[in-house]
Structures are given as structure tokens and as C-alpha cells.
Amino acid sequence: MAAADLSADPGLLEDVCAAIRTLDGSGSAPASVALVEVARTRTGACAAALWLRDRPSGELSMQVPAREPLPRLQPGVGLAGRCAQSAQMLRLDNLSGNPELVDIRLLDSANAPSVGAALNVPLRAGREVLGVLQLLHASPCGFGAEAVLVAETVAAQLALVLRGAAHDAAMGAASALHTEVEVAREIQRGTLPTEMPSVPGYDLHGHFQPATYAGGDMLDVVKFSQGVFLLLGDATGHGFGPALSAMQMQGMLRVAFRLGADLDQAYRNVNNQLTEDLSDDRFITAFMGLLDAGAHRVRYQCAGQGPLLHYHAADDRCEWLQPNAFPVGVMELEEVPASASLELAPGDILALISDGLYERLDAGNAEFGPGRVAEVVRSGQHLSMAVLCRRLLAAADDFAAGVAAADDVTLILVRRLPADAAHLPST
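Bear in mind the structure is a predicted one, so any value in this text is a computation, not a measurement. (Residues numbered from 1 in each chain as written. Predicted model: local features only at pLDDT ≥ 70, side-chain atom pairs only at ≥ 80, totals over all residues. Heavy atoms only, no water.)

Peer 1: I keep staring at a nonpolar patch on the surface and nothing clicks. Help me out?
Peer 2: Residues Phe326, Val330 and Met331 make up a contiguous nonpolar surface patch of roughly 260 Å² in combined accessible area. Its place among the elements puts Met331 in the loop between strand 13 (317-321) and strand 14 (340-343). Judged by its relative accessible area of 38%, Met331 falls in the partly exposed class. (Patch = residues over 30% accessible without salt bridge, like charges linked within 9 Å, V, L, I, M, F, W, Y side chains within 5 Å. Areas by Shrake-Rupley, 256 points an atom, 1.4 Å probe, with all protein chains shown as cover. Salt bridge = Lys/Arg side-chain N within 4 Å of Asp/Glu carboxyl O. Helix = DSSP H or I, 4+ residues; strand = E, 2+ residues; numbered from the N terminus. Buried < 20%, exposed > 50% of the residue type's maximum accessible area, 1.4 Å probe, protein only.)

Peer 1: Honestly, the pattern of salt bridges in this entry has me stumped. Any pointers?
Peer 2: Pairs can form between side chains of opposite charge whenever their charged atoms are close. Per the stated rule, a full pass over the model turns up eight salt bridges. The shortest N-O distance in the salt bridge between Glu59 and Arg72 comes to 3.2 Å. With a gap of 13 residues between them, Glu59 in the loop between strand 1 (47-53) and strand 2 (60-64) and Arg72 in strand 3 (residues 72-73) connect regions that are remote in the sequence. Given a relative accessible area of 47%, Arg72 falls into the partly exposed group. Residue Asp316 pairs with Arg378 through a salt bridge whose shortest N-O separation is 2.5 Å. Residue Asp316 is located in the loop between strand 12 (308-312) and strand 13, and its partner Arg378 is located in helix 10 (residues 369-379); the two are separated by 62 residues in the primary sequence. Accessibility expressed as a relative area gives 38% for Arg378, which makes it partly exposed.

Now the structure itself:
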């Protein structure tokens, strides 16, 4: 399977997504076991393990496969221990007969002497290492580039599963309603990018502001080989279910792009999978775009998410763009609409904003609305996008005059910097 051709092995995305779907409110074990098995079978490994890291002590314990008593490794011990300590992938070939591989003996003592290669991938949540995905190969030649890509993809999904499960366990003593709200919020926060990618010639900023209860908003800004991926969406409803739907969709899209899918292919595959998974009254509106910073072009599928604001700096004009595709999960699609595109000239801004800002209400039930958003963008177009974001939120707060927000507010602001921009005003 070529890494850039998802269609060469259509079952891989399906397998990973099926494992992700086993994550529900009951815990992480089913999803973890399924994902480890996907990694083993899809990489040609002879054995696979999931090691979890204890935060206070740094000790690793083997969670998958199940062993009794639970195998443990002290910090830095074994290949998995070294991987967790360095927070870097550890890939070693020609291991046959090495007597120091304590973790391999714990995983598969009968075949440890004949293990030829090992691949250890850290499960990272921001700067924290949650554990290690360990794969063993019978051949001393080990794992190829395609197998490494699969392992990294599965490891990313395992990290999401474990992060959500940790919050679920920590909130277990709280009331059922409190637990649902807080865990859903934490899962959403955990899937947000920790920082915006650096893109020469561009200023990017993302923001997620939850309302008083959990919702299904999502955002993602991450570099892939296809371009800078921009995702903003909203799953219908509020609570734990929509939050998980948002996380599931984000995870599926990351898998698709890591495996080399193009934009239209990713939209179609994820839409068709969620059409099968979601109940009839559930769907997700989403903007999915790829920024080509060299060509200054954004190709996108806007699946029911709108309006989109394109500020044209040359003539100080706001253009409103409408959805070009169906919301995700409404119906299965054999063919998808051709992706739309827009060009970003110097100084232009693309503002992706969820309806929580447009529909912010005042005491008289009037909405903040697109017009006021456009006024703030036009007056603040020279500012950094982080400052412009704060101005938009402050303007909505001033308009509401003490009326609490009833929905999450999510923004992604993308500005192509003018050629002579030495710095961005900070106020």
C-alpha cells in the first residue's frame, strides 16, 4: 500500500474508525484493545502491546494484552521505557538474541529470543506521554515506512482514547449530570491543537469558548503533506454524545489525511461512515479546508457550515460565502460536490466562525449577527488574529450586556500577511 493512496487499502481507515467507535461512556478498554489489534495486523507485527505510564512515578504497566500479574517497567527500563522517557519513536532492527530486552520478554517470553525488530511509538497528549504502543516483528529487517505511518496513526488515536478515559475516571464520583458535562468539555479541549502551526506569510489563530454546558463544536489546524488542514464544525445537540461525535469526526479526518487522502475523498469517506454511525436526528456541520500557503489558495468542502467570511483587503470588502456541500452524516454519498476554492490576496482574512457568535442574543432576543462581525473584522483587519479574536468576543459580550452565551463559540482566523508587514499591532 502506498502511503499517499488511501484507496489502495480501503479497509485500513474502516478498521481504525471501527475501533474508535467502540469508545462510549463505559471506558477505554474495548477501543484500546481494538486499536492495538489494528496496529498489529496492519503492520505485520508478530506481537503488540499497550504500555500505560503512571504520571507520578513514570512507571509503565502493560494494559494490552491482559496479563496476570500486571507486567511493569521502571522508568527508562526496556525499549518501551526508553521510548516513554525520551517521548520519541524508537525503532530498532536486528534484535535477535539480545538479552537486555526485558519488555519483549514480558510481552512474549516464548518467542523473545527470535524477535527480529521492535517499533515503539509514544502516546502523546501535548507534552505529556500517556504510554507507548509497542510492536514486535519476526524479521530483523523490521518495519517499513508504511508500517511506521500506520503505527503513528493508531498511536494518535490511542492517545485520544486514553485522554478521554482518564477524565471519565477522574469524574466518576461526581453526579451523573456533572460528569457528563465536564467529561464532554474535557474531551473537546483535549482534541484542540495546543498551538497554531507556523506558516510563513500567514497569521493563524484558533479559539474555543464553551458555553455553560457541553456542546459539539470542534476545531483543528494542523500541517499535513496536502497542506494546512482547517476544520471547524458543530455536531447537533449538547452533552456527551455530540462531544464524542465531534471527536470521532476529527479523529477520522486526521487518520484520512495522515494516510494521504485528498480533501474530497476524506469528506466522502467520513460522511459515509458517520451516516452509518449517527442516529437519524444527528448530523455535523463542518468546514474542511486545505490551505496551500505557496499558492495562497484554500480548497474546501463547506458541509452546511456557514456563513464564511472572506475579507478582501484590497477594496476593504467583506464577502460572505455559503455552504457548498451537505452536512456530514445526513445521507450516504456516492459522489461528492467538487470542492470550492478561494484565493487569499495580501492582507485578506478568512474568518471561520461558529453560529454561537452570530446567534449571541441580547436581552431583547436580538442576534449579534453577521453585520456586526463584519464591522469588527474590517476595523481590526490590521491587528494580529489573536487580538482580532479577542475583539470579536468582547464585542459580542458588550452586545449581550450580561446575557450569558447559550452556545459554544469557536473561531479560526487566517490572515495572509501583507508583503511589507514587519510586525502585527498588539492592541
